[in-house]
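Topology and contacts: notes
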Amino acid sequence: MKRVSLFLQVIFALVILVGCQFSEELHLKEDGSGKISFNFDGSEVMQMAGDKMTEGEEKVIDTLMVFKDFLEEKKDSIAQLPIEEQERLKKLENFRMHMFMNSEKKEMTFDLYSEFKNVSDLGNLFNEFKTASTLGGKKAGSSMGKQDPLSNTEGSDPTKVSYSFVNNKFKRVTEILDEEKLKQDIDSLEQMKMFMASSKYKINYHFPKKIKKISNEKALFSQDGKSFTLEVGFLEYMDNPKVLDIEVDLEE
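Below is a summary of the structure that appears in this document. The model shown is predicted, which means the values in this text are computed figures rather than measured ones.

With antiparallel pairing, the four strands of this open sheet are ordered in space as E6-E7-E12-E9. A single partner strand is all that each edge strand has here, and the edge strands are strand E6 (159-166) and strand E9 (211-214). Recorded for the sheet is a direction-independent mean angle of 20° between the axes of neighbouring strands. With eight bridges joining them, E6 and strand E7 (residues 169-176) adopt antiparallel strand pairing.

In structure tokens:
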């Protein structure tokens, strides 16, 4: 359990330090099933922190965390949460997280992934993961928790992301649920802006057919025409979560 807490605490550290790269990767099959993963690359943080970040830890950590086991161990804490949050965490049961950290080579990556039967069932999985982070990351210190732009320990998330795939049309849509709460979250990042200036958020989506039309002209296509990437600054994403909304039409 200590190792699990370490995983989630380090993610907290990643998002409040410079040079973190976040990516959301989706592999979609023709029947609407597939795999989604959220990736965090904190290698640049490792380079800057030197030996301080891994002091007292193993030289190499290469571990797989199964969320079903994590939720079982945390069941007493989870039972004290509101029913709505318990249901959100329940959706993480099929997720796994691979962590790799090499203190000598200054490398650190996380890959949170799961397969799904229908892309519409994904819901706002990234927000569900943020809820899980607060469970394992509280020991990281109250000051860190307050500064973490991905954590949300008070109140509901101000945004909701949904995915759909119907009649060869894929959509990623962000809904603003609470404008005031979103503004408060953005304002809380003011003192961190220069530290997060180089952080990026990238989506990388793969489809079963060639892309006929895409709503964002900044998207970069793969050679086979079945994939695209779209990258924005992390601060830009926090300021306007809808910047990664996308609509994709596939060939028949």
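The subject of this paragraph is the sheet that holds strand E2 (residues 34-41). Pairing is mixed across the open sheet formed by eight strands, whose spatial order is E3-E4-E5-E2-E1-E8-E11-E10. Only two strands of the sheet have a single neighbouring strand rather than two, namely strand E3 (60-66) and strand E10 (220-221). Where E2 and strand E5 (residues 107-116) come together, eight bridges link them in antiparallel fashion. The partner of Ser37 across the bridge, within E5, is Tyr113.

Scoring rules and cut-offs
- Residues numbered from 1 in each chain as written.
- Predicted model: local features only at pLDDT ≥ 70, side-chain atom pairs only at ≥ 80, totals over all residues.
- Heavy atoms only, no water.
- Pairing = 2+ DSSP bridges.
- Helix = DSSP H or I, 4+ residues; strand = E, 2+ residues; numbered from the N terminus.
- Axes fitted to C-alpha atoms, helices over the stretch in contact; angles between N-to-C directions.

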